[in-house]
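Coordinates in review
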Amino acid sequence: MEELYDVIILGGGPAGLTAGLYAGRGGLKTLLLEKGQDGGQIALTAELENYPGQLLEGETGLSLAGRMTEQCRRFGVERAADTIQSVRLDGPVKELTGERGTYRSRAVILATGAAPRPIGCENEARFVGQGISFCATCDGALFRGLEVYVAGGGDSAVEEAVYLTRFARKVTVIHRRDRLRAARSIQERAFANPKVAFLWDSVVVRAEGTDVLEAITLKNVKTGALSTLRADPADGMLGLFGFTGYTPNTGLFAGQLALEEGYISTGEDMSAGLPGVFAAGDVRRKSLRQVVTACADGAVAAVAAERYLQAQ
């Protein structure tokens, strides 16, 4: 018979790690499952500037996640590295089955996150965190005074392009069509901003550079013509932000939980619609996806799980 935990947390990003901290500190027998590196998306962030109480100098996503991991360890949170392949969330005992075994608990917190849709260009993975980003709020200030490009044409892409003008000296939106998909009011703000330019009918097909992103190659989708945009030598690098949407990591839960556009719907207490099931962080339907909101979700979910267990 497999060990029975009070709570299993699926995901080791900021939401999952915070949930682990609160659950462990609350005296719950807690298991945190993560298939890869702790930190989730922030593990790709080379420098953090907007997390309250962070180190003022040299804080990276990895360093912050490392301290969160250590806090969980100190409060007795057990760990397992596994890729979960199926879950059973109904009933008083939840079961999560992975490549290495089956894990059982009385409550579960789902913190599997959401992944930005890739831009789809050659060498993309190599330059994530070294010029390529998917979060203007997280990384915009790192491109102060540089030229920045934004791939996408929807609401998020255009809104973030305008936001990036606070830091970049010029922001160019690269869109595969000849008109934006963003709401008219958002478009009007962008068109009125002298620091925003547009490249139509184009997609990014290649990223280049030595240690950081120094050039991008575009393809005109109508003519097939290629063109390369290079960083000003005085800058040494340029920025490329991808805003083509997010894909929530909820495939395991389809058919068991209510999903909105793929995201888990939750109540204020992070309850996910089944007794003893909670969700936290980017995997749930929410308006702002930041480290600080993920941590808040994780804390709320863990406290709600503790209360649920006390009532059983």
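Whatever comes next refers back to the structure up there.
Since the model is a prediction, treat every value here as computed from it, not as a measurement.

What about the overall build of the protein chain?
Scanning the protein chain from N- to C-terminus turns up seven helices and 19 strands. In terms of overall dimensions, the protein chain is globule-like: its C-alpha atoms have a radius of gyration of 21 Å, near the 20 Å expected for 312 residues. Relative to all contacts within the protein chain whose residues are 6 or more apart in sequence, the contacts with residues 24 or more apart total 60%. For the protein chain, the accessible surface area stands at approximately 14,600 Å², while carbon and sulfur atoms represent 49% of it. Averaging the locations of the 34 positively and 37 negatively charged side chains of the protein chain gives two centres separated by 3 Å.

A few points about the packing of helix α1 (residues 14–25) against helix α7 (residues 291–310)
Two elements in contact, α1 and α7, have axes whose closest approach is 7 Å; the angle formed by their N-to-C orientations is 35°. Helix-helix and strand crossings are classified by hand; for α1 and α7 the assignment is right-handed. Where α1 approaches α7, its residues Pro 14, Ala 15, Thr 18, Ala 19, Tyr 22 and Ala 23 are matched on the opposing element by Val 291, Ala 294, Cys 295, Gly 298, Ala 299, Ala 302 and Val 303. Split by residue class, the contact of α1 with α7 holds eleven nonpolar, two polar and no charged.

Section: unusual backbone geometry
Across residues other than glycine, the phi torsion is negative in most instances, and most of the peptide bonds are trans. Residues other than glycine seldom take positive phi values, yet Asn 123 does so here, at roughly 70°. By the secondary structure assignment, Asn 123 is in the loop between β7 (114–116) and α3 (124–127). Phi at Asp 201 takes a positive value of approximately 55°, unusual for a residue other than glycine. Its place among the elements puts Asp 201 in the loop between β11 (196–199) and β12 (202–208).

Digging into the pairing of strand β14 (residues 226–230)
Note that strand β13 (residues 215–220) and β14 share five bridges and pair antiparallel. Counted as the bridge partner of Leu 218 is Ser 227 from β14. Linking β13 back to β14 in an antiparallel pair, the connection comprises five residues, with Gly 224 at a positive phi of about 80°.

Concerning α1
Between its terminal C-alpha atoms α1 stretches 16 Å, which fits the 16 Å expected from twelve residues at 1.5 Å a residue. For α1, a buried count of ten out of twelve residues is recorded, marking the element as mostly surrounded by other parts of the structure. Of all the residues in α1, the buried ones are Pro 14, Ala 15, Gly 16, Leu 17, Thr 18, Ala 19, Gly 20, Leu 21, Ala 23 and Gly 24. The inward-facing, buried residues of α1 abut β1 (4–10), β2 (30–33), α2 (61–74), β3 (78–80), β6 (102–110) and α7. Positive backbone phi, at 85°, marks Gly 27, one or two positions downstream of α1.

A closer look at the nonpolar core
Counting residues in each nonpolar core, the largest one holds 32 residues, and the members touching the most others are Val 7, Leu 64, Ile 109 and Phe 278. Listing elements by their share of this core, those giving two or more residues are β1, α1, α2, β6 and α7. It is α7 that contributes the most residues to this core, nine residues altogether. Ile 109 has contacts with Val 7, Ile 8, Ile 9, Leu 10, Ala 19, Phe 278, Ala 280, Ala 301, Ala 302 and Ala 305, leaving out every residue within four places of it along the chain. In terms of nonpolar packing, the next biggest core, distinct from the first, is built from 24 residues, Ala 141, Tyr 163, Met 237 and Phe 241 among them.

A short note on the state of the cysteines
Across all of its chains, the model carries one disulfide by this definition. Linked covalently through their sulfurs, Cys 135 and Cys 138 form a disulfide whose S-S length is 2.2 Å. Residues Cys 135 and Cys 138 are joined through a disulfide that is right-handed, its torsion about the S-S bond being 70°. Given the relative accessible area of 16%, Cys 138 is considered buried.

Remarks on the packing of aromatic side chains
This model, assessed by the stated rule, comprises six aromatic pairs. Between Phe 241 and Phe 243, the ring centres sit 6.1 Å apart and the planes meet at 10°, which makes this aromatic pair stacked. Between Phe 278 and Tyr 308, the ring centres sit 6.4 Å apart and the planes meet at 70°, which makes this aromatic pair edge-to-face. Of the two residues, Phe 278 sits in strand β19 (residues 277–279) while Tyr 308 sits in helix α7, which places them 30 residues apart along the sequence. Residue classification places Phe 278 among the buried residues on the basis of a relative accessible area of 4%.

Reading the values: rules and limits
Residues numbered from 1 in each chain as written. Predicted model: local features only at pLDDT ≥ 70, side-chain atom pairs only at ≥ 80, totals over all residues. Heavy atoms only, no water. Helix = DSSP H or I, 4+ residues; strand = E, 2+ residues; numbered from the N terminus. Rg over C-alpha atoms; globule rule 2.2 N^0.38 Å. Contact = heavy atoms within 4.5 Å. Areas by Shrake-Rupley, 256 points an atom, 1.4 Å probe, with all protein chains shown as cover. Lys, Arg positive; Asp, Glu negative; His and termini not counted. Charge placed at Lys NZ, Arg CZ, Asp CG, Glu CD. Axes fitted to C-alpha atoms, helices over the stretch in contact; angles between N-to-C directions. Left-handed = near helix turned anticlockwise from the far one by under 90°. Nonpolar A, V, L, I, M, F, W, Y, C, P; charged D, E, K, R; others polar. Pairing = 2+ DSSP bridges. Expected span 1.5 Å × (residues − 1). Buried < 20%, exposed > 50% of the residue type's maximum accessible area, 1.4 Å probe, protein only. Core = buried A, V, L, I, M, F, W, Y, C linked by side-chain atoms within 4.5 Å. Disulfide = S-S within 2.5 Å. Phe/Tyr/Trp six-rings, centres within 6.5 Å; stacked < 30°, edge-to-face > 60°.

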